[in-house]
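Geometric and topological summary
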Amino acid sequence: MADARRTGWRPGSAQVAEGIGKAIIDGTYAVGEKLPLEADLAHQYNASRNTLREAMRLLAAKNLVEIAPRRGTVVRQRSAWNVLDSDVLEWSADQLLNDPTFMEEFVRMRFVIEPAAAQEAARNATEAEIATIRSAYETIERLIDHQDVPECLEADLAFHIAVADATGNRFLKSVAHSITYAMRLNFQRLFEAPHNLTDNLENHRLVMEAIADRDPFEAHSAALELLAKAHAATRNLFDDPP
């Protein structure tokens, strides 16, 4: 699923960073390997030295490379890469969609965040925020028989983000928004399973109703049930889940 940011103009440094970043992720430039000389990369990507240097700073900020004086620019270990960076996720999307470890780790991380978010939303949501959650749920319900349409996936994503936005907690909101792209990848893979969302629709409703009823305990419990089904569905996508 393409990122909307890609439809507009991007500076040359971002385009060069994307080319080199994809080459790092697909192994063209291996972990621990020193990248080609600056002049060679500038020629390869038809970029000025300044553009290339800015691209390298972008990649260093994503922890894909380390720029070391006298050593050149070296590809960092995969464990150091910023896995929540939207560019890194987009460049890795084809691999991650079929990576059971990524999917397992991501759903387990959701267990840490989402029940707490539902609980805090039940305590703190405004009437307008509850209306937003309800609207997202009703969109899912309306599209549930057409799970394959992109609008259904986006409505499901909007539901989870709306819950986080209703927490009144800037940290939970920030974390939720930072994992949006990873969540989209997770949902995209889950939506390939027939009836996946249909089977979990009731738990979405229970989360929404518990928040509307200002019941933190039930909101937390319903979110756990929702995630338990998502976890089982994620594991069922792979013959040999981690």
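Quick note: structure is the one above.
Analysis parameters
In this numbering scheme, every chain counts its residues from 1 along its sequence in written order. Only residues with pLDDT of at least 70 get local features here, since the model is predicted, and only at 80 or more are side-chain atom pairs given and counted; chain-wide, interface and lining totals rely on the full set of residues. Computation of side-chain values: all heavy atoms of the structure, hydrogens and water removed. Only DSSP runs of H or I reaching four residues or more are called helices, and only runs of E reaching two or more are called strands; each is numbered from the N terminus. Here's how the labels work: a residue is buried when its accessible area is under 20% of the maximum for its type, exposed when over 50%, partly exposed in between, all with a 1.4 Å probe on protein chains only. Between two residues, a contact is recorded if the distance between any of their heavy atoms is within 4.5 Å. To be clear on the numbers: accessible area is Shrake-Rupley with a 1.4 Å probe, and residue cover counts the displayed protein chains and nothing else. Positive charges come from Lys and Arg alone, negative charges from Asp and Glu alone, with His and the N- and C-terminal ends not counted. Each charge is placed at NZ for Lys, CZ for Arg, CG for Asp and CD for Glu. Pairing of N or O atoms within 3.5 Å defines a polar contact, subject to two protein rules: one partner must be a possible hydrogen donor and the other a possible acceptor, and residues neighboring in sequence count only if both atoms are side-chain atoms.

**Re the overall build of the protein**
Scanning the protein from N- to C-terminus turns up eleven helices and two strands. Start at the N end of the protein and walk to the C end: the helices and strands fall as α-α-α-β-β-α-α-α-α-α-α-α-α. The principal-axis extents of the C-alpha atoms in the protein amount to approximately 60 × 40 × 30 Å. Counting across all 242 residues of the protein, residues that qualify as buried make up 45%. Taking the contacts inside the protein whose residues are at least 6 apart along the sequence as the reference set, 72% of them involve residues at least 24 apart. When the accessible surface of the protein is split by element, carbon and sulfur atoms take 51% of a total near 12500 Å². Taken together, the 26 basic and 37 acidic charged side chains of the protein have centroids lying 9 Å from each other.

**Some points on the side chain of E18**
Topologically, E18 is positioned in helix α1 (residues 12-25). Separated by 2.8 Å, the side chains of E18 and R10 make a polar contact. Excluding residues that lie within four positions of it along the chain, E18 makes contacts with R10 and W91.

**Let's talk about unusual backbone geometry**
With phi around 65°, N63 is a residue other than glycine that occupies positive phi space. With respect to the element layout, N63 can be found in the loop between α3 (49-61) and β1 (65-68). Backbone geometry at R214 places phi at a positive 60°, although glycine is not the residue there. You can see R214 is positioned in the loop between α10 (196-212) and α11 (216-236).

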